[in-house]
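Analysis of the macromolecular model
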Amino acid sequence: MEMVTTSRIDEKELPSSTNEDLNEIPNVKALLTRLYYECMKTEKNASEYQNKSGDGRQCPKTFDGYLCWHPTAAGSTVSQHCPDFVTGFDSTRLAYKTCLADGTWYSHPETGKLWSNYTTCVDIEDFENWCVALHVVLHYLMLVNYFWMFCEGLHLHLVLVVVFVKDAVAMRWFMIIGWILPIILVSVYAVIRGQNPIAARQCWMEDSVYMWILTIPVCISLIASMVFLINVVRVLLTKLHPCSAQPAPLGLRKAVRATLILVPLFGLQHILLPFRPDTGSPLEKYYQVASAILVSLQGFCVSCLFCFMNHDVIFALWNLLSRLFPSITPNMRWESVNGPQATQSRDVVV
């Protein structure tokens, strides 16, 4: 079996313009084009690069898009300093290219194209650390989103049902549930997954069996929010009893309207998201689209329903426009058209 030897071409052997700063080049395409032509026209002494194998076979000179690789003896690996014009590459490290025993450059088995090894030009460990950190932060924010929706439902439930609860005490518990509890859950998930070599590979990009540590609390919060919604609607229907001043059809319509308004507040449209179809399933594409729409429009729906459509907010904006543009905005009292202002943020206008 032929032994593979390693030779090295020092970066000084390339034209000095190769190491020119990228900022002095109009664009990357112009730089690579120039490097290609400089590589192809460079002539060296035959004895300097030929290093042929015993039978005289060698790989021809080539330019792989980054560096110029000179003729190399068959069955050997040649190295050069990594290019300094590529963002993220460390020019003190070495890139490698292998010349096979038959005198051809190594081709990647998956693409079938000529391949140079630039994976050594970057610090993979640094990238993995950043990637894992991003994964943990992303899942922490996901839990925060779900738990604060749970807190919103719990708050409304306490206001309508329990009533005698101090806001300061409730907010203290909401802070613990909304910010501290996700930290605990994500920390447990990260520690357990990090100790499993199989689950910790590929920068945590693949789904792990340990995701149940996060999905179970999310499912519990969504089920609790569903219970809160049912209880709130029950209270509304009780207040809008047929014996009251509200006719039954009108009371039913208001209950349905309240339900539709509270669904985005409680985040109940997310209740199906934890149950993801199998990878490659025909439903996976529709799941991705539905998930992107629901997650992206959550804040928009809540802000429109509970902020921009709130009487207090509309009244304040109307007064502001009246002061800024008195000639354009009609001088009219908002209360006379839409009724009195809401006096508390907890008031739900149904």
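Just above sits the structure.
What this report covers is the structure whose coordinates are included nearby. (Residues numbered from 1 in each chain as written. Predicted model: local features only at pLDDT ≥ 70, side-chain atom pairs only at ≥ 80, totals over all residues. Heavy atoms only, no water.)

**Overview of the overall build of the protein**
The secondary structure content of the protein amounts to nine helices and seven strands. Partitioning the contacts of the protein with sequence separation of at least 6, the portion at a separation of at least 24 is 58%. Carbon and sulfur atoms make up 65% of the accessible area of the protein, which amounts to about 22,100 Å² in all. (Helix = DSSP H or I, 4+ residues; strand = E, 2+ residues; numbered from the N terminus. Contact = heavy atoms within 4.5 Å. Areas by Shrake-Rupley, 256 points an atom, 1.4 Å probe, with all protein chains shown as cover.)

**Topic: the state of the cysteines**
On inspection of all chains with the given rule, the structure shows three disulfides. Residue Cys-59 pairs covalently with Cys-99 via a disulfide, S to S 1.9 Å. Measuring handedness by torsion sign, the sulfur bridge of Cys-59 and Cys-99 sits at about 95° and is right-handed. With Cys-59 in strand S2 (residues 58-59) and Cys-99 in strand S7 (residues 94-99), this pair connects stretches of sequence that are 40 residues apart. Residue Cys-59 shares its accessibility class with Cys-99, and that shared class is buried. Residue Cys-82 pairs covalently with Cys-121 via a disulfide, S to S 2.0 Å. Disulfide Cys-82 to Cys-121: torsion about the S-S bond roughly -90°, handedness left-handed. Here the residue Cys-82 occupies a position in the loop between strand S6 (76-81) and S7, and Cys-121 occupies one in the loop between S7 and helix H3 (124-162), the gap between them amounting to 39 residues. Taking relative accessible area as the criterion, Cys-82 reaches 3% and is therefore assigned buried. Of all cysteine sulfurs, the one in Cys-304 lies closest to Cys-307, which takes part in no disulfide; the gap is 8.7 Å. (Disulfide = S-S within 2.5 Å. Buried < 20%, exposed > 50% of the residue type's maximum accessible area, 1.4 Å probe, protein only.)

**What about the side chain of Ser-208?**
Tracing the backbone shows Ser-208 in the loop between helix H4 (167-194) and helix H5 (212-239). Ser-208 gets classed as buried once you look at its relative accessible area, which sits at 12%. Of note is the side chain of Ser-208, whose polar atom sits 3.1 Å from the backbone nitrogen of Tyr-210. Ser-208 has contacts with Arg-193 and Ala-199, leaving out every residue within four places of it along the chain. (Polar contact = N/O pair within 3.5 Å; in protein donor to acceptor, adjacent residues only side chain to side chain.)

**Focus: the layout of surface pockets**
Estimated volume of the largest pocket: approximately 890 Å³. Taken together, 30 residues form the lining of the largest pocket, with His-139, Met-142, Met-211, Arg-276 and Tyr-287 sitting closest to its centre. For the lining of the largest pocket, the secondary-structure elements that each account for two or more residues are H3, H5 and helix H7 (283-308). Element by element, the count of residues in the lining of the largest pocket is highest for H3, at eight residues. Grouping the amino acids of the lining of the largest pocket by side-chain chemistry returns 16 nonpolar, nine polar and five charged. (1 Å grid on protein atoms, 1.4 Å probe; cavity = no way out; pocket = protein on both sides within 12 Å on 5 of 7 lines; lining within 4 Å. Points joined across faces, edges and corners; volume = space filled by probe spheres on them. Nonpolar A, V, L, I, M, F, W, Y, C, P; charged D, E, K, R; others polar.)

**Re the pairing of S6**
With respect to burial, S6 is a largely interior element, six of its six residues being buried. What you see with S6 is no split at all: Ser-76, Val-78 and Gln-80 on one side and Thr-77, Ser-79 and His-81 on the other are buried throughout.

**So, the nonpolar core**
Grouped together as the largest cluster of nonpolar side chains are 37 residues, with contacts concentrated most on Phe-150, Tyr-189, Leu-214 and Phe-266. At the level of secondary structure, the elements contributing two or more residues to this core comprise H3, H4, H5 and helix H6 (248-266). Residues within four places of Tyr-189 in sequence aside, it is in contact with His-135, Trp-204, Tyr-210, Met-211, Ile-213 and Leu-214. Core analysis: the second largest hydrophobic core is formed by eleven residues, Leu-67, Trp-69, Ala-95 and Trp-105 among them. (Core = buried A, V, L, I, M, F, W, Y, C linked by side-chain atoms within 4.5 Å.)

**Remarks on a nonpolar patch on the surface**
Side chains of Val-169, Met-171, Trp-173, Met-175, Ile-176, Trp-179, Ile-180, Leu-181, Ile-183, Ile-184, Val-188 and Ile-192 sit close together on the surface and give an oily, nonpolar patch of about 1,000 Å² of accessible area. For Leu-181, the position within the fold is in helix H4. (Patch = residues over 30% accessible without salt bridge, like charges linked within 9 Å, V, L, I, M, F, W, Y side chains within 5 Å. Salt bridge = Lys/Arg side-chain N within 4 Å of Asp/Glu carboxyl O.)

**Some remarks on the pattern of salt bridges**
In total, this model carries two salt bridges according to the counting rule given. Between Glu-38 and Arg-34 there is a salt bridge whose closest N-O contact spans 3.9 Å. Linking Glu-38 with Arg-34, this pair stays in helix H1 (residues 28-41), spanning four residues, or about one helical turn. When the shortest N-O distance is used, the salt bridge between Arg-93 and Asp-90 registers 3.7 Å.

**A closer look at the packing of H4 against H5**
It is the contact of H4 with H5, at a shortest axis distance of 9 Å, that shows an interaxial angle of 155°. As far as their axial angle goes, H5 and H4 are roughly antiparallel. Contact residues: Leu-185, Val-186, Val-188, Tyr-189 and Ile-192 in H4; Ile-213, Leu-214 and Pro-217 in H5. (Axes fitted to C-alpha atoms, helices over the stretch in contact; angles between N-to-C directions. Parallel < 35°, antiparallel > 145°, perpendicular 65-115°, else oblique.)

**Comments concerning the packing of aromatic side chains**
Taken as a whole and assessed by the stated rule, the structure comprises ten aromatic pairs. Linked through ring pairs, Tyr-66, Phe-85, Phe-89 and Tyr-118 together constitute an aromatic cluster. (Phe/Tyr/Trp six-rings, centres within 6.5 Å; stacked < 30°, edge-to-face > 60°.)

**A few points about the side chain of His-135**
Relative to the helices and strands, His-135 is located in helix H3. Here His-135 falls in the buried class, since its relative accessible area comes to 12%.

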